[in-house]
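Coordinates in review
Spelled out from the first residue to the last, the chains are:
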Amino acid sequence: MLKISAMTAGFVLAATAAMAEPQTYQFDTSHSQIMFSYDHLGFSTTMGMFGDITGTIVFDAEDPAASSVEASFPVASLMTGYADRDAHFLSGDFFGSEAAAPEVTFTSTSIEVTGEDTALISGDLTLNGVTREVVLDTVLNGQGDHPMMNRPWIGFDATATVLRSDFNLGMFAPAVSDEVEIRISVEAMQPE
């Protein structure tokens, strides 16, 4: 018969409780991107991206709905592959107006778990000085130790659709589509 001392049992219970605690991850800026695309006059799909994303994920593996995410990135990180278009987007016609904010932020408000590795993350997106609720259709890509960094890592992809006119960015709509498709890919690490 196996006997476990009260002290050993206490250590086991403490270790189990620690494993169940929500874990905090910081974005890996070098492997986190936001891509966007929109229809241009029915002739093409124009694409671009934002980088320099920072943020925090608090992930509760035991109760994913209790998790949370906060993220931000500078509008100035915008890149479409065409310098004149980038300059126009950063002008007063779009992001460069006096009311505009130089940072975009997202703060989750609720999470609806939809599958083993999927969830709908609702949150407040503040873009161009305007805050609206956005729902991110999210997939957990993986979680575990990073093979080169030797520390806990996590990765997610997410998609959403927003109306740019909701954020005072509606110039040329609807000829240039008001709907903008967003694709997000994020890696995050536990702090050392």
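Shown above is the structure to which this text applies.
The structure reproduced in this document is the subject of the present report. (Residues numbered from 1 in each chain as written. Predicted model: local features only at pLDDT ≥ 70, side-chain atom pairs only at ≥ 80, totals over all residues. Heavy atoms only, no water.)

1. What about the overall build of the chain?
Looking only at helices and strands, one finds two helices and ten strands in the chain. In the chain, the succession of α and β elements from N to C terminus is α-β-β-β-β-β-α-β-β-β-β-β. Taken over the C-alpha trace, the chain has a radius of gyration of 20 Å; the compact-globule value for 192 residues is 16 Å, which it surpasses by more than 25%. Across its three principal axes, the chain shows a C-alpha extent of roughly 80 × 30 × 30 Å. Classification of the 192 residues of the chain by burial places 36% in the buried group. (Helix = DSSP H or I, 4+ residues; strand = E, 2+ residues; numbered from the N terminus. Rg over C-alpha atoms; globule rule 2.2 N^0.38 Å. Buried < 20%, exposed > 50% of the residue type's maximum accessible area, 1.4 Å probe, protein only.)

2. Here's the deal with the pairing of strand β4 (residues 54-59)
Residues G55, I57 and F59 of β4 are buried on one face, while the alternating residues T54, T56 and V58, pointing to the opposite face, are not. Where strand β1 (residues 23-27) meets β4, four bridges bridge the pair, whose relative direction is antiparallel. Paired with Q26 across the bridge in β4 is T56. Where β4 and strand β5 (residues 68-74) come together, five bridges link them in antiparallel fashion. By the bridge assignment for β5, T54 is matched with S72. (Pairing = 2+ DSSP bridges.)

3. Details of unusual backbone geometry
The step from A173 to P174 runs through a cis peptide bond, and the omega angle for that step is 5°. Tracing the chain through its elements places P174 in the loop between β9 (152-163) and β10 (179-189). The backbone of F172 sits at a positive phi, close to 75°, despite the residue not being glycine. By secondary structure assignment, the location of F172 is in the loop between β9 and β10.

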